[in-house]
Amino acid sequence: SQIYPIHLPREMRTRRALLICNIEFEHLSRRNGAELDVAGMTKLLEGLGYMVEIHCNLTSQGMATVMKDFAGRKEHCTSDSTFLVFMSHGVRAGLCGTKSRGETTDILSLDTIYETFNNKCCRALLGKPKVVIIQSCRGGNVGSVLVSDSADPAVPTSSSAHRIPAGLEDDAIFEVHLESDFATLHSSTPDTVSWRSSVTGSLFIQHLIEQFRNHACKSDLQEIFRKIQYSFGKFPRQLPSQERTTMLRKFYLFPGH
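Remember, predicted model here, so these are calculated numbers, not experimental data.

Undergrad: How do you make sense of the packing of aromatic side chains when you look at a structure like this?
TA: The geometry of an aromatic ring pair comes down to the distance between the two centres and the angle between the two planes. For the structure shown, the criterion picks out six aromatic pairs. Centroid distance Tyr 4 to Phe 251: 6.4 Å. Interplanar angle 90°. Geometry classified as edge-to-face. Judged by its relative accessible area of 2%, Phe 251 is buried. Clustering of aromatic rings is evident, with ring pairs tying together Tyr 50, Phe 83 and Phe 212. Lying over the aromatic face of Phe 182, Lys 130 brings its terminal NZ or CZ to 5.4 Å of the ring centre.

Undergrad: So what exactly am I meant to see when it comes to the pattern of salt bridges here?
TA: Opposite charge on two side chains lets them pair, provided their charged atoms get close. For the structure shown, the criterion picks out 14 salt bridges. Here Arg 138 and Glu 243 are joined by a salt bridge, their closest N and O atoms 2.7 Å apart. A relative accessible area of 6% means that Arg 138 is categorised as buried. The partner of Glu 179 in a salt bridge is Arg 244, and the shortest N-O contact between them spans 2.8 Å. Linking Glu 179 in the loop between helix 4 (158–161) and strand 8 (182–186) with Arg 244 in the segment after strand 11 (241–243), this pair joins segments that are 65 residues apart in sequence. Glu 179 gets classed as partly exposed once you look at its relative accessible area, which sits at 23%. The class of Arg 244 is partly exposed, set by a relative accessible area of 35%.

Undergrad: Looking at this structure, how should I read the sheet that holds strand 8?
TA: Strand pairing in a sheet relies on backbone hydrogen bonds, with the paired strands running either antiparallel or parallel. Ordered in space as 2-1-3-7-8-11, the six strands form an open sheet in which the pairing is mixed. A strand with exactly one partner marks an edge of an open sheet, and here the two such strands are strand 2 (51–56) and strand 11. Here the strands of the sheet are splayed against their neighbours by 15° on average, with no regard to which way each runs. Here strand 7 (residues 130–135) runs beside strand 8; their pairing, made up of five bridges, is parallel. Bridge assignment links Val 131 to a residue of strand 8, and that residue is Ala 183. On the sheet, helix 3 (residues 110–117) packs against strand 3 (82–87), strand 7 and strand 8 and is oriented at approximately 160° with respect to strand 7. Of the strands in this sheet, strand 3, strand 7, strand 8 and strand 11 touch helix 6 (residues 221–230), which is tilted by about 10° from strand 8.

Undergrad: Teacher, can you tell me more about helix 2 (residues 60–71) here?
TA: The end-to-end C-alpha separation of helix 2 is 17 Å, in line with the 16 Å expected for twelve residues at 1.5 Å each. Of the residues making up helix 2, those classed as buried are Ser 60, Gly 62, Met 63, Ala 64, Val 66, Met 67, Phe 70 and Ala 71. Considering only its buried residues, helix 2 is in contact with strand 1 (16–21), strand 2, strand 3, strand 5 (94–96), strand 6 (107–109) and helix 3.

Conventions used here
- Residues numbered from 1 in each chain as written.
- Predicted model: local features only at pLDDT ≥ 70, side-chain atom pairs only at ≥ 80, totals over all residues.
- Heavy atoms only, no water.
- Phe/Tyr/Trp six-rings, centres within 6.5 Å; stacked < 30°, edge-to-face > 60°.
- Buried < 20%, exposed > 50% of the residue type's maximum accessible area, 1.4 Å probe, protein only.
- Lys NZ or Arg CZ within 6 Å of the ring centre and 35° of its normal.
- Salt bridge = Lys/Arg side-chain N within 4 Å of Asp/Glu carboxyl O.
- Helix = DSSP H or I, 4+ residues; strand = E, 2+ residues; numbered from the N terminus.
- Pairing = 2+ DSSP bridges.
- Axes fitted to C-alpha atoms, helices over the stretch in contact; angles between N-to-C directions.
- Contact = heavy atoms within 4.5 Å.
- Expected span 1.5 Å × (residues − 1).

Take a look at the structure:
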């Protein structure tokens, strides 16, 4: 009872994953290298038994519509879980659509994700893990600080604090929780930036893929999340963050079973 059940054999499961990636914007810079993130995540999720639905370059309304359609997929009835992956420019309030000009225009609120897939609006995924992966900046602050062992903490100079690493740019018969079984991993902590290379893609996605490949066969989801966070120990400018997680049990992906 402490582990999410996987009732059906692999050949009968209809696992579905949604991947939304915005690369081209009307007013914001192009997210060079994001194509590598899409390819890497697609290969990973397919290897875990998910059929991946991919959408690129959407406005906030377009993202909301795609999510609503995906939430209504009948395949969720014979699935045991889903992955919801979002990659875009971002601000503190949410994810940027392709028409965004900044903090207040064409922004998809993160609340919309949870409202679309909660137990009221997506009954087919009731009691099933909903894994949310978000690759985006959440503000403009650098995620690191210089510390000293002296009694008077050292104050970093502006040049050292902001030097950019090379290459990175209610009629229910029974009552249930409105929102449960979500596991969310953001690429960074609130108000801080996420780093991406135009050559190799986003650091977060690279680390995530590596840790899932190494540990999904034996570790539960939140332990994998912790390993992803730990892998950023030598890169203090960014730290992935687990938030709004409402998992009631452990989720093992058991690829190949």
